[in-house]
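Inside the fold
If you want the building blocks of each chain, they are given just below.
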Amino acid sequence: MTTGKGRPDWDQYFMEITCVVAKRSTCLRRQVGAILVKDKHILTTGYNGAPKGLAHCAETGCLRQELGIPSGERHELCRALHAEQNAIIQAANLGIPIEGSTLYCTTAPCSLCAKMLINAGVKRVVFAGNYPDERAMDFFHEAGVTVEQMALPQ
């Protein structure tokens, strides 16, 4: 919902920034961005891609794509980290507490990321696109994490 004269509300504002973060992704299959926010301040950002110092998927190819593995399956074969994981890792590396924060993500988190977000104390998740992993939403619900889906900004 916009506030006067087309000014975005806070959720729209942070999701727009998340879309820009996604543009840094090095994944060949899906560009995802994530940001962690607390008290209307961005704590960290993350996008999906290979770990620091490793070749990007554009250089090595995508094993999951070559093997025809559907989205949401066999994560262990992927050389990339998810955007949510990179946002959590950035917070840890910089000593930024994320307990009580909100995650904005261009795609719904997978169950592995959901478990990490729950243990990190993230209290709210706002996402745009769907991801084929229904267990994540079950985990969030059981943990009492508020989950909201919103459309990507136009």
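One can find the structure itself at the top, above this paragraph.
Below, the structure is looked at part by part. (Residues numbered from 1 in each chain as written. Predicted model: local features only at pLDDT ≥ 70, side-chain atom pairs only at ≥ 80, totals over all residues. Heavy atoms only, no water.)

1. Quick word on the pairing of strand β5 (residues 102–107)
With respect to burial, β5 is a largely interior element, six of its six residues being buried. Relative to β5, strand β3 (residues 33–38) is paired through four bridges, and the arrangement is antiparallel. Pairing of A34 across the sheet is with C105, part of β5. Pairing geometry for β5 and strand β6 (residues 124–129), over five bridges, is parallel. Counted as the bridge partner of Y104 is V126 from β6. The parallel pair β5 and β6, bridged by helix α5 (residues 111–120), forms a crossover whose chirality is right-handed. (Buried < 20%, exposed > 50% of the residue type's maximum accessible area, 1.4 Å probe, protein only. Helix = DSSP H or I, 4+ residues; strand = E, 2+ residues; numbered from the N terminus. Pairing = 2+ DSSP bridges. Right-handed = clockwise from strand over helix to strand, strands pointing away.)

2. Some words on the side chain of T107
With respect to the helices, strands and loops of the structure, T107 is situated in strand β5. On the basis of relative accessibility, which here comes to 7%, the residue T107 falls in the buried class.

3. Description of the packing of helix α4 (residues 83–94) against α5
In the contact formed by α4 and α5, the axes pass within 9 Å of each other and the chain directions differ by 25°. With respect to α5, the axis of α4 lies roughly parallel. Taken as a pair, α4 and α5 cross one another with a handedness that is left-handed. Here E84, Q85 and I88 of α4 lie close against α5, whose contacting residues are C113, M116 and L117. (Axes fitted to C-alpha atoms, helices over the stretch in contact; angles between N-to-C directions. Parallel < 35°, antiparallel > 145°, perpendicular 65-115°, else oblique. Left-handed = near helix turned anticlockwise from the far one by under 90°. Contact = heavy atoms within 4.5 Å.)

4. Quick notes on the packing of α5 against helix α6 (residues 135–143)
Where α5 contacts α6, the axes come no closer than 8 Å and their chain directions differ by 20°. Comparing their axes, α6 and α5 come out roughly parallel. Read as a crossing pair, α5 and α6 show a hand that is right-handed. Residues S111, A114, K115, L117 and I118 of α5 form the contact with α6, whose participating residues are R135, A136, F139, F140 and A143. Within the contact of α5 with α6, the residues separate by chemical class into seven nonpolar, one polar and two charged. (Nonpolar A, V, L, I, M, F, W, Y, C, P; charged D, E, K, R; others polar.)

5. A look at the sheet that holds β6
An order of β4-β3-β5-β6-β7 is seen for the five strands of this open sheet, with the pairing classed as mixed. Every other strand in the sheet has two partners, leaving β4 (41–47) and β7 (146–149) as the edge strands with one partner each. This sheet shows a mean twist of 20° between the axes of neighbouring strands, independent of strand direction.

6. Some points on the side chain of Q85
Within the secondary structure layout, Q85 lies in helix α4. Residue Q85 is classed as buried on the basis of its relative accessible area of 14%. Engagement of the side chain of Q85 in a polar contact is seen with the backbone nitrogen of H82, the distance being 2.8 Å. The residues touching Q85, leaving out its near neighbours within four places in the chain, are C113 and M116. (Polar contact = N/O pair within 3.5 Å; in protein donor to acceptor, adjacent residues only side chain to side chain.)

Limitation: the analysis is restricted to geometry and does not speak to function.
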